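Chain by chain, the residues:
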Amino acid sequence: MKRIIYIFSAVLAVFLLGACSKYDDSALRDTIDGLNDRLDNLETYQKEVQANLTAVYDLLNKLDQALTVDGVTAGTGGYTITFSDGSTVFISDGADGSDAGDGTDGVPAPVITVIDYNGTSYWGYIDSEGEAQPLLFNGERVPTSAIIPQVRIGSDGCWELSVDGGESWTPWTVNGMGEDAAFTNIHEDEDNVYIVLPGGYEIVLPKTPELDFTFLLDGEPVDIAYFEYGEAKTFEYTMGDSAEMTITKPYGWKVDVRTNGVTVTAPVEANLSAETSGTVTVMLSAKGVAYTSELEVVIGTAASGVSEF
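Residues numbered from 1 in each chain as written. Predicted model: local features only at pLDDT ≥ 70, side-chain atom pairs only at ≥ 80, totals over all residues. Heavy atoms only, no water.

In this section: the nonpolar core. Core analysis: the largest hydrophobic core is formed by 32 residues, its most contacted members being Leu 59, Phe 183, Ile 195 and Leu 205. Of all the secondary structure elements, the ones that give two or more residues to this core are helix H2 (26–64), strand E2 (78–83), strand E3 (88–92), strand E4 (112–117), strand E5 (120–126), strand E10 (159–162), strand E13 (192–196) and strand E14 (202–206). A per-element tally of this core places H2 first, with seven residues. Counting 20 residues, the second-largest nonpolar core is a separate cluster that includes Leu 217, Ala 225, Val 282 and Leu 295. (Core = buried A, V, L, I, M, F, W, Y, C linked by side-chain atoms within 4.5 Å. Buried < 20%, exposed > 50% of the residue type's maximum accessible area, 1.4 Å probe, protein only. Helix = DSSP H or I, 4+ residues; strand = E, 2+ residues; numbered from the N terminus.)

Now for the sheet that holds E2. Strand order in this open sheet of three strands is E1-E2-E3, and the pairing throughout is antiparallel. A strand with exactly one partner marks an edge of an open sheet, and here the two such strands are strand E1 (69–75) and E3. With direction set aside, neighbouring strand axes in the sheet form an average angle of 20°. In this structure, E2 lies alongside E3, joined through five bridges in antiparallel fashion. Bridge pairing in E3 places Thr 82 opposite Thr 88. (Pairing = 2+ DSSP bridges. Axes fitted to C-alpha atoms, helices over the stretch in contact; angles between N-to-C directions.)

Turning next to the sheet that holds E5. Read across the open sheet, the three strands follow the order E4-E5-E6; overall the sheet is antiparallel. Unpaired on one side and paired on the other, E4 and strand E6 (132–134) mark the two borders of the sheet. Across the sheet, the mean angle from the axis of one strand to that of its neighbour is 50°, orientation sign disregarded. Relative to E6, E5 runs antiparallel, the two being bridged by three bridges. Its bridge partner being in E6, Gly 124 is matched across the sheet by Pro 134.

Attention now goes to the environment of Asp 164. With respect to the secondary-structure elements, Asp 164 resides in the loop between E10 and strand E11 (170–171). Under the relative-accessibility criterion, Asp 164 is labelled buried at 18%. Residues Asp 164 and Pro 149, 15 residues apart in the sequence, show an inter-C-alpha distance of 7.6 Å. For Asp 164, the contacting residues outside a window of four places in its chain are Phe 137 and Ile 147. (Contact = heavy atoms within 4.5 Å.)

Turning next to the packing of aromatic side chains. Per the counting criterion, the structure on display carries five aromatic pairs. Ring geometry for Phe 213 against Tyr 237: centres 4.9 Å apart, planes inclined by 15°, an arrangement best described as stacked. Of the two residues, Phe 213 sits in strand E15 (residues 213–217) while Tyr 237 sits in strand E18 (residues 232–239), which places them 24 residues apart along the sequence. When the ring of Phe 215 is compared with that of Phe 235, the centres are 6.2 Å apart and the planes differ by 85°; the resulting orientation is edge-to-face. Here Phe 235 lies in strand E18 and Phe 215 lies in strand E15, a separation of 20 residues in the sequence. You'll find Phe 215 and Phe 235 in the same group, each marked buried. Ring pairing ties together the aromatic residues Phe 213, Phe 215, Phe 235 and Tyr 237, which thus form one cluster. (Phe/Tyr/Trp six-rings, centres within 6.5 Å; stacked < 30°, edge-to-face > 60°.)

Right under this line is the structure:
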């Protein structure tokens, strides 16, 4: 910032001299404008780098919470990932910021990534050889769950890095890193979304399973069925993604699930302790997501105006 103060002091002096001369200050004005643009670009890029670090932290946090991905939407400059709890994380499309990333002294912006070490994720950086190295604080690796690294532009126009919440700042002196994309690739298949960071670290986010279970009779959905004592009815069903299934039923009723249908059998009349009505509940679970479908079962006939199955 001292440089800018000196420049504007020079501009003021030139302006005062201009009152009694025809001095052409256009070149100086162009220089000042160029420096201001440079500072604006650096400030904007610093915010982008910090936002990307926060995004990486958020993604890993979602993974630790066992959240799943509802969808990925492409937009201007990147992708929005929507999670099963309704929250979102924006992923940059990886456009490099090298035009703004070099400090005034030629120091490139830090390329922060994640390194797996003995099954734990730690913050790292890409060195001048393009290799991932661990970020260290007091000689120790920094877990991704502990803190988000912070970056800023120092008073000398060079990058600085903090891994202790901004208590201390270290000049970034790793040279020759080239492109500084925060995310090098994002792709998906039927089960997962894959986000690749510089150095090859891959965040694998499971997709939200499309769980569904619908009772059908004669091809039509049904949520209540009437039985005679001892009668068995077989219901077709539709089911979404593969999942673990748990079934509950009224006391004295039987439920048999097979690939061709669900057979529900009412208790016999002699079973006085059996329930004459209740709910057959199918509970599905996969990847931490649960789904419930219910079929009300009754011994008797439907009331007037109610369809009987």
